[in-house]
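Structure assessment
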Amino acid sequence: MEEKQDKKKFFGSLVIPAILVTLMWAVKIVEISLNVELGRYGLVPHTAQGLLGILTLPFLHGGWEHLMANSVPVIVLGTALYYFYPTLANRVMIVSYLGSGLLTWCLGDPSTTHVGASALIYSLNLFLIISGFIRGNRQLTVIALIMVFLYGSFIWGMIPSLARPQNISWEGHLSGAIIGMVLAFLLRKEGPQKEVHHWEEDDDSDDSGTDNPEHDEKPYWDVPTPSNDELTVQYRIRH
């Protein structure tokens, strides 16, 4: 029964991430099929027109390789988010989506156009890593750290001097990381909390004897020795 509930919870946690990835692929298929360039609707920092990119950013990708590289992290991290934090997941997902885009719009270079789900991925990953440490959830932390290693550009993707030559949006990565960290600390007292173990003393080791009537009886060696007068009285009565 418990295993059945876990499976139901897992597949339920997969729904939103799967929808996001499906939309990402649908946009790319439409783009290729109609031979149109949708990248121009990406996020352009510090411009009114570029504000639309806050909404379109996660769904636009430069190519199939870019799309495939972002699909797996969205599925894995999104599913982990909804599985471990069901009461927080929607808030984290929405704020990560919009917040990372808005911060990218503020930090980015106006001469650049940003596309891809990387900002969202960085936000989810940092939220899961920090929340895992705060709440003592080793399993969750391991999952997030695995994604760090699989997502090869995770660390240097936030360093401008290393990211620019690779045409990588370090502003998007850094923005997502900041939003994820902020969310982890703001929501640290909500959702599942770190387990606190209360150790109780074993009743058998209680030597006080207050709750056991047998302890009220004095052992034979603790019987007081009669005085000489008492012995004399006992002798006279018996004889």
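These figures come from a predicted structure and were not determined experimentally.

Quick look at the overall build of the protein chain now. A tally of regular secondary structure across the protein chain gives 9 helices and 0 strands. For the protein chain, the sequential pattern of α-helices and β-strands runs α-α-α-α-α-α-α-α-α. Across the 239 residues in the protein chain, those meeting the buried criterion constitute 36%. Across the protein chain, the fraction of contacts at a sequence separation of at least 24, relative to all contacts at a separation of at least 6, is 76%. Accessible surface, the protein chain: about 15500 Å² in total, of which carbon and sulfur atoms supply 61%.

The N-to-C vectors of helix H4 (residues 89–107) and helix H8 (residues 170–186) enclose an angle of 135°; their axes lie 8 Å apart at closest approach. Classified by the interaxial angle, the pair formed by H4 and H8 is oblique. Like other packed secondary-structure pairs, H4 and H8 cross with a definite hand, here right-handed. Contacts between H4 and H8 pair Val92, Val95, Ser96, Gly99, Ser100, Leu103, Thr104 and Leu107 from the former with Glu171, Gly172, Ser175, Gly176, Ile178, Ile179 and Leu183 from the latter. Residue composition of the contact of H4 with H8, grouped by class: 7 nonpolar, 7 polar and 1 charged.

This brings us to the nonpolar core. Ranked by internal contacts, the top residues of the largest apolar core, which has 34 residues, are Leu81, Val92, Phe127 and Leu128. Mapped onto this core, the elements with two or more residues apiece are helix H1 (2–33), helix H3 (64–84), H4, helix H5 (118–135), helix H6 (138–150) and H8. Of all the elements, H5 adds the most residues to this core, at 9 residues. Setting aside residues no more than four positions away along its own chain, Leu81 makes contact with Pro86, Ala89, Val92, Met93, Leu124, Phe127 and Leu128. Leu43, Ile54, Trp105 and Ala119 belong to the second-largest nonpolar core, a separate cluster that totals 5 residues.

A word on the pattern of salt bridges. Overall, the coordinates contain 2 salt bridges when judged by the stated rule. The salt bridge involving Glu31 is made with Lys28; its shortest N-O contact spans 2.8 Å. In this pair, Glu31 and Lys28 both sit in helix H1, 3 residues apart, roughly one turn of the helix. In this structure, Glu190 and Arg91 form a salt bridge, with 2.8 Å as the shortest nitrogen-oxygen distance. Of this pair, Glu190 sits in the loop between H8 and helix H9 (228–238) while Arg91 sits in helix H4; the two residues are 99 residues apart in sequence, bridging distant segments of the chain. Owing to a relative accessible area of 32%, Glu190 belongs among the partly exposed residues under this scheme.

Before going further, it helps to examine H8. Taking 1.5 Å of rise per residue, the 17 residues of H8 would be expected to cover 24 Å, and the 24 Å separating its terminal C-alpha atoms lies within 8% of that figure. Within H8, the full set of buried residues consists of Trp170, Glu171, Gly172, His173, Ser175, Gly176, Ala177, Ile179, Gly180, Leu183 and Ala184. Looking at the buried positions of H8, the neighbouring elements they touch are H4, H5 and helix H7 (160–163).

With that out of the way, let us pick up the confidence of the model for the protein chain. Low pLDDT marks stretches whose predicted atomic positions should not be read closely. For the protein chain, the average pLDDT comes to 81, and 77% of its residues sit at 70 or higher. Predicted confidence in the protein chain is weakest over H9, with a mean pLDDT of 44, and strongest over H4, with 96. Contacts of residues 205–210 to residues separated by more than four positions or lying in other chains number 2 contacts, the stretch itself having pLDDT below 50. Every residue in residues 230–239 is under pLDDT 50, and counting partners more than four places away or in other chains gives 1 contact.

So, about a nonpolar patch on the surface. Where nonpolar side chains cluster on the molecular surface, the patch consists of Leu107, Ile178, Met181, Val182, Phe185 and Leu186 and spans about 520 Å² of accessible area. It is H8 that contributes the most residues to the nonpolar patch, 5 residues altogether. Here Phe185 lies in helix H8. For Phe185, a relative accessible area of 45% corresponds to the partly exposed category.

Turning our attention to the packing of aromatic side chains. Within this structure, the stated rule accounts for 5 aromatic pairs. Here the aromatic rings of Trp25 and Trp64 are separated by 5.5 Å at their centres, their planes lie at 40°, and the arrangement is tilted. Of the two residues, Trp25 sits in helix H1 while Trp64 sits in helix H3, which places them 39 residues apart along the sequence. The aromatic ring of Tyr83 is capped on one face by Lys9, whose charged end is 4.5 Å from the ring centroid.

Calculation rules
- Residues numbered from 1 in each chain as written.
- Predicted model: local features only at pLDDT ≥ 70, side-chain atom pairs only at ≥ 80, totals over all residues.
- Heavy atoms only, no water.
- Helix = DSSP H or I, 4+ residues; strand = E, 2+ residues; numbered from the N terminus.
- Buried < 20%, exposed > 50% of the residue type's maximum accessible area, 1.4 Å probe, protein only.
- Contact = heavy atoms within 4.5 Å.
- Areas by Shrake-Rupley, 256 points an atom, 1.4 Å probe, with all protein chains shown as cover.
- Axes fitted to C-alpha atoms, helices over the stretch in contact; angles between N-to-C directions.
- Parallel < 35°, antiparallel > 145°, perpendicular 65-115°, else oblique.
- Left-handed = near helix turned anticlockwise from the far one by under 90°.
- Nonpolar A, V, L, I, M, F, W, Y, C, P; charged D, E, K, R; others polar.
- Core = buried A, V, L, I, M, F, W, Y, C linked by side-chain atoms within 4.5 Å.
- Salt bridge = Lys/Arg side-chain N within 4 Å of Asp/Glu carboxyl O.
- Expected span 1.5 Å × (residues − 1).
- pLDDT = per-residue confidence, 0-100.
- Patch = residues over 30% accessible without salt bridge, like charges linked within 9 Å, V, L, I, M, F, W, Y side chains within 5 Å.
- Phe/Tyr/Trp six-rings, centres within 6.5 Å; stacked < 30°, edge-to-face > 60°.
- Lys NZ or Arg CZ within 6 Å of the ring centre and 35° of its normal.

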